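So the chains spell out like this:
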Amino acid sequence: MQDLPDDTPQEVSPRLAAALEGVRERRARRSRRLGPVLWGILSAVTLQSLASEPVPGVHGIHLGVTLALIGCVLPLAAVAAGLWQVVAPVSCITFCLVLSGFGLALGTLQSGSISVLPMSVAVLTAFLVLSRRQAMALGIVQLSGLVAATLAGADGSAGDLLSQLLFCAVLALMAISMRQAGDNEERAELLLAQLEDAREAEAQAAALAERTRIAQDLHDVLAQTLSGLAIQIQAARRMARRDPAAEDLRNLLDRAGKLVKEGLGDARRAVGALRGRQAPSLDRLPELVERYQVDLELNVTLAVTGARRPLPSDMDFALYRGAQEALTNAARYARGAHTTVTLCYEPEMTVLTVEDHRDTPGPSPSPLVVGSGLGLTGMRERFHEVGGSASAGPTQYGWKVTMEVPA
(Lines give C-alpha, C1' and ligand atoms only; values in the text may rest on other atoms or scores of the structure.)
Protein backbone atom coordinates (compact mmCIF):
# COMPACT_ATOMS: atom_id res chain seq x y z
CA MET A 1 0.00 0.00 0.00
CA GLN A 2 2.98 2.31 0.36
CA ASP A 3 4.37 4.29 -2.58
CA LEU A 4 7.80 3.78 -4.06
CA PRO A 5 10.40 6.13 -2.61
CA ASP A 6 10.63 9.59 -4.15
CA ASP A 7 14.35 9.19 -4.78
CA THR A 8 13.78 6.41 -7.31
CA PRO A 9 15.96 7.25 -10.34
CA GLN A 10 14.06 8.75 -13.26
CA GLU A 11 16.17 6.98 -15.91
CA VAL A 12 16.68 3.31 -15.17
CA SER A 13 17.74 0.28 -17.16
CA PRO A 14 15.10 -2.04 -18.64
CA ARG A 15 15.96 -4.68 -16.05
CA LEU A 16 15.55 -2.27 -13.14
CA ALA A 17 12.36 -0.87 -14.67
CA ALA A 18 10.94 -4.40 -14.82
CA ALA A 19 11.89 -4.93 -11.16
CA LEU A 20 10.19 -1.67 -10.16
CA GLU A 21 7.08 -2.65 -12.09
CA GLY A 22 7.11 -6.02 -10.30
CA VAL A 23 7.29 -4.23 -6.95
CA ARG A 24 4.28 -2.08 -7.85
CA GLU A 25 2.28 -5.09 -8.99
CA ARG A 26 3.12 -6.98 -5.79
CA ARG A 27 1.97 -4.07 -3.65
CA ALA A 28 -1.22 -3.78 -5.67
CA ARG A 29 -1.91 -7.48 -5.11
CA ARG A 30 -1.36 -7.08 -1.36
CA SER A 31 -3.79 -4.16 -1.33
CA ARG A 32 -6.40 -6.18 -3.21
CA ARG A 33 -6.11 -9.02 -0.70
CA LEU A 34 -7.28 -6.64 2.04
CA GLY A 35 -10.60 -6.14 0.24
CA PRO A 36 -12.35 -9.29 1.57
CA VAL A 37 -11.07 -8.53 5.08
CA LEU A 38 -12.51 -5.01 4.97
CA TRP A 39 -15.83 -6.31 3.66
CA GLY A 40 -15.95 -8.79 6.55
CA ILE A 41 -15.22 -6.06 9.11
CA LEU A 42 -17.85 -3.83 7.51
CA SER A 43 -20.45 -6.59 7.76
CA ALA A 44 -19.55 -7.39 11.38
CA VAL A 45 -19.78 -3.73 12.46
CA THR A 46 -23.09 -3.28 10.65
CA LEU A 47 -24.71 -6.44 12.04
CA GLN A 48 -23.50 -5.75 15.59
CA SER A 49 -24.77 -2.16 15.42
CA LEU A 50 -28.20 -3.27 14.19
CA ALA A 51 -28.41 -5.75 17.08
CA SER A 52 -27.34 -3.25 19.77
CA GLU A 53 -29.28 -0.59 21.61
CA PRO A 54 -30.18 2.06 20.70
CA VAL A 55 -30.77 0.83 17.17
CA PRO A 56 -30.12 3.09 14.18
CA GLY A 57 -33.00 5.37 13.30
CA VAL A 58 -33.93 8.83 12.04
CA HIS A 59 -34.76 10.66 15.26
CA GLY A 60 -32.79 11.73 18.31
CA ILE A 61 -30.03 9.40 19.49
CA HIS A 62 -31.09 6.86 16.90
CA LEU A 63 -30.15 9.35 14.17
CA GLY A 64 -26.75 9.81 15.84
CA VAL A 65 -26.21 6.04 15.75
CA THR A 66 -27.15 6.00 12.06
CA LEU A 67 -24.70 8.79 11.21
CA ALA A 68 -21.90 7.14 13.23
CA LEU A 69 -22.56 3.81 11.52
CA ILE A 70 -22.53 5.44 8.09
CA GLY A 71 -19.27 7.21 9.00
CA CYS A 72 -17.71 3.82 9.75
CA VAL A 73 -19.19 1.91 6.84
CA LEU A 74 -18.58 4.36 3.98
CA PRO A 75 -14.74 4.64 4.34
CA LEU A 76 -14.44 0.86 4.71
CA ALA A 77 -16.61 0.25 1.64
CA ALA A 78 -14.77 2.88 -0.42
CA VAL A 79 -11.36 1.33 0.31
CA ALA A 80 -12.60 -2.27 -0.07
CA ALA A 81 -14.16 -1.45 -3.45
CA GLY A 82 -11.03 0.38 -4.63
CA LEU A 83 -12.80 3.74 -4.85
CA TRP A 84 -10.47 5.34 -2.29
CA GLN A 85 -6.72 4.81 -2.37
CA VAL A 86 -4.96 5.29 0.95
CA VAL A 87 -1.40 4.89 -0.32
CA ALA A 88 -0.58 8.59 0.11
CA PRO A 89 0.07 10.00 3.63
CA VAL A 90 -2.71 12.63 3.42
CA SER A 91 -5.37 10.19 2.27
CA CYS A 92 -4.24 7.61 4.82
CA ILE A 93 -4.37 10.09 7.73
CA THR A 94 -7.80 11.26 6.60
CA PHE A 95 -9.05 7.68 6.38
CA CYS A 96 -7.71 6.78 9.83
CA LEU A 97 -9.08 9.90 11.54
CA VAL A 98 -12.53 9.51 9.96
CA LEU A 99 -12.71 5.81 10.80
CA SER A 100 -11.41 6.28 14.37
CA GLY A 101 -13.69 9.25 15.08
CA PHE A 102 -16.88 7.60 13.89
CA GLY A 103 -15.86 4.33 15.54
CA LEU A 104 -15.50 6.11 18.90
CA ALA A 105 -18.80 7.87 18.34
CA LEU A 106 -20.51 4.56 17.59
CA GLY A 107 -18.98 2.98 20.68
CA THR A 108 -20.11 5.93 22.81
CA LEU A 109 -23.69 5.74 21.56
CA GLN A 110 -23.88 1.93 21.55
CA SER A 111 -21.85 0.55 24.42
CA GLY A 112 -22.45 -3.00 23.24
CA SER A 113 -21.13 -2.51 19.71
CA ILE A 114 -17.71 -3.71 18.57
CA SER A 115 -16.31 -0.22 17.96
CA VAL A 116 -12.77 -1.58 18.31
CA LEU A 117 -12.93 -2.94 14.76
CA PRO A 118 -12.95 0.45 12.96
CA MET A 119 -10.20 1.63 15.31
CA SER A 120 -8.14 -1.51 14.65
CA VAL A 121 -8.44 -1.06 10.86
CA ALA A 122 -7.23 2.52 11.26
CA VAL A 123 -4.22 1.37 13.33
CA LEU A 124 -3.33 -1.39 10.88
CA THR A 125 -3.58 0.97 7.89
CA ALA A 126 -1.50 3.67 9.59
CA PHE A 127 1.43 1.36 10.36
CA LEU A 128 1.28 -0.23 6.91
CA VAL A 129 1.27 3.02 4.93
CA LEU A 130 2.65 5.88 7.02
CA SER A 131 6.15 6.37 8.32
CA ARG A 132 6.90 5.14 11.82
CA ARG A 133 6.77 8.66 13.28
CA GLN A 134 3.50 9.54 11.54
CA ALA A 135 1.89 6.26 12.60
CA MET A 136 2.97 6.76 16.22
CA ALA A 137 1.58 10.30 16.26
CA LEU A 138 -1.72 9.08 14.84
CA GLY A 139 -1.77 6.25 17.36
CA ILE A 140 -1.38 8.73 20.22
CA VAL A 141 -4.36 10.68 18.91
CA GLN A 142 -6.44 7.49 18.73
CA LEU A 143 -5.30 6.43 22.21
CA SER A 144 -6.29 9.83 23.58
CA GLY A 145 -9.74 9.40 22.07
CA LEU A 146 -10.17 5.98 23.66
CA VAL A 147 -9.02 7.22 27.06
CA ALA A 148 -11.31 10.25 26.83
CA ALA A 149 -14.28 8.07 25.93
CA THR A 150 -13.54 5.74 28.86
CA LEU A 151 -13.12 8.62 31.35
CA ALA A 152 -16.43 10.03 30.17
CA GLY A 153 -18.06 6.77 31.20
CA ALA A 154 -18.86 5.67 27.68
CA ASP A 155 -17.66 2.88 25.39
CA GLY A 156 -17.20 0.24 28.05
CA SER A 157 -15.17 -0.12 31.22
CA ALA A 158 -11.46 0.14 31.94
CA GLY A 159 -11.11 -3.56 31.19
CA ASP A 160 -12.63 -3.02 27.77
CA LEU A 161 -10.21 -0.14 27.22
CA LEU A 162 -7.24 -2.36 28.11
CA SER A 163 -8.36 -5.12 25.77
CA GLN A 164 -8.86 -2.64 22.94
CA LEU A 165 -5.41 -1.15 23.51
CA LEU A 166 -3.79 -4.59 23.53
CA PHE A 167 -5.63 -5.57 20.34
CA CYS A 168 -4.52 -2.37 18.59
CA ALA A 169 -0.94 -2.87 19.81
CA VAL A 170 -0.86 -6.41 18.44
CA LEU A 171 -2.15 -5.16 15.08
CA ALA A 172 0.46 -2.40 15.05
CA LEU A 173 3.29 -4.89 15.66
CA MET A 174 1.90 -7.21 13.00
CA ALA A 175 1.71 -4.32 10.50
CA ILE A 176 5.30 -3.31 11.26
CA SER A 177 6.48 -6.89 10.72
CA MET A 178 4.53 -7.23 7.45
CA ARG A 179 5.86 -3.93 6.17
CA GLN A 180 9.47 -4.73 7.02
CA ALA A 181 9.21 -8.15 5.36
CA GLY A 182 7.71 -6.63 2.23
CA ASP A 183 10.27 -3.82 2.12
CA ASN A 184 13.15 -6.27 2.55
CA GLU A 185 11.85 -8.48 -0.25
CA GLU A 186 11.39 -5.53 -2.59
CA ARG A 187 14.77 -4.06 -1.69
CA ALA A 188 16.42 -7.41 -2.38
CA GLU A 189 14.72 -7.60 -5.79
CA LEU A 190 15.82 -4.08 -6.73
CA LEU A 191 19.36 -4.70 -5.50
CA LEU A 192 19.52 -7.91 -7.54
CA ALA A 193 18.47 -6.00 -10.67
CA GLN A 194 21.08 -3.32 -9.95
CA LEU A 195 23.71 -6.02 -9.36
CA GLU A 196 22.92 -7.62 -12.71
CA ASP A 197 23.15 -4.21 -14.37
CA ALA A 198 26.51 -3.64 -12.69
CA ARG A 199 27.77 -7.03 -13.86
CA GLU A 200 26.61 -6.32 -17.39
CA ALA A 201 28.31 -2.92 -17.34
CA GLU A 202 31.49 -4.56 -16.02
CA ALA A 203 31.38 -7.15 -18.80
CA GLN A 204 30.90 -4.41 -21.38
CA ALA A 205 33.83 -2.50 -19.93
CA ALA A 206 35.97 -5.62 -20.07
CA ALA A 207 34.89 -6.26 -23.66
CA LEU A 208 35.71 -2.66 -24.58
CA ALA A 209 39.13 -2.99 -22.97
CA GLU A 210 39.76 -6.19 -24.94
CA ARG A 211 38.60 -4.54 -28.17
CA THR A 212 40.90 -1.63 -27.42
CA ARG A 213 43.83 -4.03 -27.03
CA ILE A 214 42.93 -5.75 -30.31
CA ALA A 215 42.57 -2.35 -31.98
CA GLN A 216 46.07 -1.42 -30.85
CA ASP A 217 47.47 -4.67 -32.24
CA LEU A 218 45.55 -4.20 -35.47
CA HIS A 219 46.84 -0.67 -35.81
CA ASP A 220 50.43 -1.72 -35.13
CA VAL A 221 50.36 -4.61 -37.62
CA LEU A 222 47.93 -3.76 -40.40
CA ALA A 223 48.10 0.03 -40.53
CA GLN A 224 51.88 0.14 -40.38
CA THR A 225 52.15 -2.60 -43.01
CA LEU A 226 49.83 -0.71 -45.33
CA SER A 227 51.73 2.50 -44.69
CA GLY A 228 54.97 0.79 -45.70
CA LEU A 229 53.28 -0.63 -48.78
CA ALA A 230 52.00 2.84 -49.70
CA ILE A 231 55.55 4.22 -49.51
CA GLN A 232 56.86 1.43 -51.76
CA ILE A 233 54.08 2.00 -54.32
CA GLN A 234 54.77 5.73 -54.29
CA ALA A 235 58.42 5.06 -55.00
CA ALA A 236 57.48 2.66 -57.81
CA ARG A 237 55.21 5.33 -59.32
CA ARG A 238 58.05 7.86 -59.36
CA MET A 239 60.34 5.31 -61.01
CA ALA A 240 57.66 4.54 -63.60
CA ARG A 241 57.38 8.24 -64.47
CA ARG A 242 61.14 8.57 -64.78
CA ASP A 243 61.67 5.48 -66.91
CA PRO A 244 59.89 4.81 -70.19
CA ALA A 245 57.35 2.46 -68.57
CA ALA A 246 54.14 1.35 -70.16
CA GLU A 247 50.99 3.38 -69.54
CA ASP A 248 49.23 0.27 -68.23
CA LEU A 249 51.88 -0.13 -65.53
CA ARG A 250 51.47 3.46 -64.38
CA ASN A 251 47.69 3.05 -64.27
CA LEU A 252 48.08 -0.16 -62.33
CA LEU A 253 50.34 1.54 -59.81
CA ASP A 254 47.88 4.43 -59.48
CA ARG A 255 45.03 2.02 -58.73
CA ALA A 256 47.21 0.12 -56.27
CA GLY A 257 47.97 3.39 -54.48
CA LYS A 258 44.27 4.18 -54.25
CA LEU A 259 43.57 0.72 -52.88
CA VAL A 260 46.23 1.11 -50.24
CA LYS A 261 44.78 4.49 -49.26
CA GLU A 262 41.31 2.95 -49.01
CA GLY A 263 42.73 0.07 -47.01
CA LEU A 264 44.28 2.52 -44.58
CA GLY A 265 40.92 4.23 -44.22
CA ASP A 266 39.19 0.90 -43.60
CA ALA A 267 41.84 -0.03 -41.06
CA ARG A 268 41.32 3.25 -39.21
CA ARG A 269 37.55 2.74 -39.23
CA ALA A 270 37.97 -0.83 -37.98
CA VAL A 271 40.18 0.40 -35.17
CA GLY A 272 37.63 3.09 -34.34
CA ALA A 273 34.81 0.53 -34.28
CA LEU A 274 36.81 -1.69 -31.94
CA ARG A 275 37.33 1.32 -29.68
CA GLY A 276 33.57 1.91 -29.56
CA ARG A 277 33.31 4.63 -32.20
CA GLN A 278 30.59 4.74 -34.81
CA ALA A 279 30.90 1.87 -37.27
CA PRO A 280 30.15 2.08 -41.00
CA SER A 281 26.52 1.45 -41.91
CA LEU A 282 24.26 0.89 -44.90
CA ASP A 283 24.24 4.65 -45.49
CA ARG A 284 27.69 4.16 -47.02
CA LEU A 285 26.64 1.21 -49.22
CA PRO A 286 26.50 3.35 -52.42
CA GLU A 287 29.99 4.66 -51.65
CA LEU A 288 31.21 1.08 -51.12
CA VAL A 289 29.78 -0.06 -54.47
CA GLU A 290 31.33 2.92 -56.25
CA ARG A 291 34.74 2.15 -54.76
CA TYR A 292 34.64 -1.39 -56.17
CA GLN A 293 33.52 -0.02 -59.54
CA VAL A 294 36.39 2.47 -59.79
CA ASP A 295 39.24 0.84 -57.90
CA LEU A 296 38.72 -2.82 -58.83
CA GLU A 297 36.92 -2.23 -62.16
CA LEU A 298 34.10 -4.45 -60.94
CA ASN A 299 30.93 -4.40 -63.04
CA VAL A 300 28.55 -3.90 -60.12
CA THR A 301 25.21 -2.13 -59.69
CA LEU A 302 23.13 -1.32 -56.61
CA ALA A 303 19.34 -1.61 -56.24
CA VAL A 304 17.26 -0.72 -53.16
CA THR A 305 13.62 -1.79 -52.82
CA GLY A 306 11.05 -1.17 -50.11
CA ALA A 307 10.64 1.65 -47.62
CA ARG A 308 13.92 2.39 -45.88
CA ARG A 309 13.86 2.00 -42.11
CA PRO A 310 16.52 2.34 -39.40
CA LEU A 311 18.18 -0.81 -38.14
CA PRO A 312 20.02 -1.53 -34.88
CA SER A 313 23.66 -0.57 -35.19
CA ASP A 314 24.95 -4.15 -34.87
CA MET A 315 22.65 -5.40 -37.66
CA ASP A 316 23.45 -2.38 -39.84
CA PHE A 317 27.18 -2.97 -39.40
CA ALA A 318 26.81 -6.71 -40.12
CA LEU A 319 25.04 -6.01 -43.43
CA TYR A 320 27.69 -3.48 -44.46
CA ARG A 321 30.57 -5.87 -43.67
CA GLY A 322 28.72 -8.70 -45.40
CA ALA A 323 28.37 -6.64 -48.56
CA GLN A 324 32.05 -5.73 -48.38
CA GLU A 325 33.08 -9.38 -48.03
CA ALA A 326 30.80 -10.50 -50.86
CA LEU A 327 32.07 -7.78 -53.23
CA THR A 328 35.67 -8.69 -52.40
CA ASN A 329 34.93 -12.31 -53.31
CA ALA A 330 33.23 -11.18 -56.52
CA ALA A 331 36.33 -9.16 -57.46
CA ARG A 332 38.53 -12.22 -56.82
CA TYR A 333 36.49 -15.02 -58.34
CA ALA A 334 34.02 -13.41 -60.77
CA ARG A 335 36.10 -11.19 -63.02
CA GLY A 336 34.16 -10.24 -66.11
CA ALA A 337 30.78 -11.10 -64.55
CA HIS A 338 28.04 -8.61 -63.76
CA THR A 339 27.48 -8.26 -60.01
CA THR A 340 24.22 -7.00 -58.55
CA VAL A 341 23.83 -5.75 -54.98
CA THR A 342 20.16 -5.70 -53.90
CA LEU A 343 18.99 -4.27 -50.58
CA CYS A 344 15.35 -5.20 -49.93
CA TYR A 345 13.32 -3.89 -46.97
CA GLU A 346 10.64 -6.56 -46.53
CA PRO A 347 7.87 -6.37 -43.87
CA GLU A 348 9.49 -9.00 -41.64
CA MET A 349 13.11 -9.02 -42.81
CA THR A 350 15.82 -6.84 -44.28
CA VAL A 351 17.55 -8.83 -47.02
CA LEU A 352 20.83 -8.00 -48.77
CA THR A 353 21.92 -10.12 -51.73
CA VAL A 354 25.10 -9.97 -53.77
CA GLU A 355 24.94 -12.05 -56.95
CA ASP A 356 27.35 -12.29 -59.84
CA HIS A 357 26.09 -13.40 -63.25
CA ARG A 358 28.20 -14.56 -66.18
CA ASP A 359 26.99 -14.75 -69.74
CA THR A 360 27.67 -18.48 -69.97
CA PRO A 361 27.36 -21.22 -67.37
CA GLY A 362 30.44 -22.93 -66.06
CA PRO A 363 33.17 -22.51 -63.45
CA SER A 364 34.65 -19.11 -62.66
CA PRO A 365 38.15 -18.23 -63.90
CA SER A 366 41.03 -18.72 -61.50
CA PRO A 367 41.41 -15.80 -59.09
CA LEU A 368 44.44 -13.54 -59.10
CA VAL A 369 44.53 -13.64 -55.30
CA VAL A 370 43.27 -16.62 -53.31
CA GLY A 371 41.52 -15.82 -50.05
CA SER A 372 41.81 -17.62 -46.75
CA GLY A 373 38.40 -19.29 -47.07
CA LEU A 374 37.30 -17.91 -43.70
CA GLY A 375 35.41 -14.87 -45.01
CA LEU A 376 32.04 -16.61 -45.45
CA THR A 377 32.47 -18.45 -42.16
CA GLY A 378 33.11 -15.19 -40.34
CA MET A 379 30.12 -13.64 -42.12
CA ARG A 380 27.81 -16.42 -40.90
CA GLU A 381 29.13 -16.07 -37.36
CA ARG A 382 28.61 -12.29 -37.43
CA PHE A 383 24.99 -12.63 -38.55
CA HIS A 384 24.31 -15.39 -36.04
CA GLU A 385 25.41 -13.05 -33.25
CA VAL A 386 22.87 -10.37 -34.28
CA GLY A 387 19.97 -12.81 -34.75
CA GLY A 388 20.18 -13.01 -38.54
CA SER A 389 21.50 -15.49 -41.08
CA ALA A 390 23.84 -15.60 -44.06
CA SER A 391 24.07 -18.17 -46.84
CA ALA A 392 26.11 -18.51 -50.00
CA GLY A 393 26.10 -20.90 -52.88
CA PRO A 394 26.51 -21.35 -56.61
CA THR A 395 23.85 -20.57 -59.18
CA GLN A 396 23.64 -21.68 -62.81
CA TYR A 397 25.47 -18.59 -64.02
CA GLY A 398 27.51 -17.53 -61.00
CA TRP A 399 27.41 -17.21 -57.23
CA LYS A 400 24.91 -15.69 -54.80
CA VAL A 401 25.29 -14.48 -51.21
CA THR A 402 22.13 -13.81 -49.17
CA MET A 403 22.14 -11.98 -45.82
CA GLU A 404 19.03 -11.50 -43.66
CA VAL A 405 18.28 -9.70 -40.40
CA PRO A 406 14.86 -9.46 -38.73
CA ALA A 407 12.90 -6.23 -39.08
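Values in this document were obtained by computation on a predicted structure and should not be read as measured data.

Novice: Quick rundown of the pattern of salt bridges? Include the residues and the values.
Specialist: What the rule picks out here adds up to six salt bridges. The closest approach of N and O atoms between D183 and R179, which form a salt bridge, is 3.9 Å. Here D183 and its partner R179 are both found in helix α6 (residues 158–242), four residues apart, which amounts to about one turn of the helix. Each of the two residues, D183 as well as R179, counts as buried. In this structure, the salt-bridge partner of E287 is R284, at a minimum N-O distance of 3.6 Å.

Novice: An account of the side chain of S120 is requested, with residue identities and associated values reported.
Specialist: Locating S120 in the fold gives a position in helix α4 (residues 116–129). Accessibility expressed as a relative area gives 4% for S120, which makes it buried. Within the local environment of S120, its side chain forms a polar contact with the backbone oxygen of L117, the two atoms lying 2.6 Å apart. Apart from residues no more than four positions distant in its own chain, S120 is found in contact with F167, C168 and L171.

Novice: Outline the nonpolar core, listing residues and values.
Specialist: Within the largest apolar cluster, 37 residues are counted, with the highest numbers of intra-cluster contacts made by L76, F95, C96, L106, V121 and F127. Going through the elements one at a time, α1 (14–51), α2 (60–80), α3 (89–109), α4, α5 (132–151) and α6 are the ones with two or more residues in this core. Counting residues in hydrophobic clusters, the runner-up holds 28 residues, among them M315, A318, A330 and M403.

Novice: With reference to specific residues and values, describe α1.
Specialist: Between the first and last C-alpha of α1 there are 56 Å, a value that for 38 residues agrees with the 56 Å anticipated at 1.5 Å per step. Where α1 bends most, the angle comes to about 25°, and this point is P36.

Novice: Help me get a handle on the sheet that holds strand β3 (residues 349–357), residues and values and all.
Specialist: Read across the sheet, five strands follow the order β1-β2-β3-β5-β4 without closing on themselves; strand pairing throughout is mixed. The sheet is open, and its two borders are formed by β1 (300–305) and β4 (389–395), each paired with just one other strand. Across this sheet, the average inter-strand angle for adjacent strands is 10°, counted without regard to direction. Packing against the sheet, helix α8 (residues 285–295) makes contact with β1, β2 (338–345) and β3, and its axis sits at approximately 165° to β1.

Novice: Run through the packing of α2 against α3, naming residues and quoting values.
Specialist: Contact geometry for α2 and α3: axes closest at 9 Å, N-to-C directions at 150°. For the crossing formed where α2 meets α3, the hand is left-handed. On α3, the residues touching I61, G64, V65, L67, A68, L69, G71, C72, P75, L76 and V79 of α2 are F95, V98, L99, F102, G103, A105, L106 and L109. For the contact of α2 with α3, the per-class residue count stands at 16 nonpolar, three polar and no charged.

Novice: How would you explain a nonpolar patch on the surface if you had to name every residue and give the values?
Specialist: Taken together, V58, L63, L67, I70 and L74 make up a surface patch of nonpolar side chains, about 460 Å² in accessible area. As for its position among the elements, V58 is in the loop between α1 and α2.

Novice: Could you give an account of the packing of α1 against α4, with specific residues and numbers?
Specialist: At a minimum axis separation of 9 Å, α1 and α4 run at an interaxial angle of 155°. Classified by the interaxial angle, the pair formed by α1 and α4 is roughly antiparallel. The chirality of how α1 crosses α4 is left-handed. Only L117, P118 and V121 of α4 make contact with α1, whose side of the interface consists of L38, I41, A44 and V45. Partitioning the contact of α1 with α4 into residue classes produces seven nonpolar, no polar and no charged.

Thresholds, definitions, all that
Residues numbered from 1 in each chain as written. Predicted model: local features only at pLDDT ≥ 70, side-chain atom pairs only at ≥ 80, totals over all residues. Heavy atoms only, no water. Salt bridge = Lys/Arg side-chain N within 4 Å of Asp/Glu carboxyl O. Helix = DSSP H or I, 4+ residues; strand = E, 2+ residues; numbered from the N terminus. Buried < 20%, exposed > 50% of the residue type's maximum accessible area, 1.4 Å probe, protein only. Polar contact = N/O pair within 3.5 Å; in protein donor to acceptor, adjacent residues only side chain to side chain. Contact = heavy atoms within 4.5 Å. Core = buried A, V, L, I, M, F, W, Y, C linked by side-chain atoms within 4.5 Å. Expected span 1.5 Å × (residues − 1). Bend = angle between axes of the 7 residues up to and from the residue. Pairing = 2+ DSSP bridges. Axes fitted to C-alpha atoms, helices over the stretch in contact; angles between N-to-C directions. Left-handed = near helix turned anticlockwise from the far one by under 90°. Nonpolar A, V, L, I, M, F, W, Y, C, P; charged D, E, K, R; others polar. Patch = residues over 30% accessible without salt bridge, like charges linked within 9 Å, V, L, I, M, F, W, Y side chains within 5 Å. Areas by Shrake-Rupley, 256 points an atom, 1.4 Å probe, with all protein chains shown as cover. Parallel < 35°, antiparallel > 145°, perpendicular 65-115°, else oblique.

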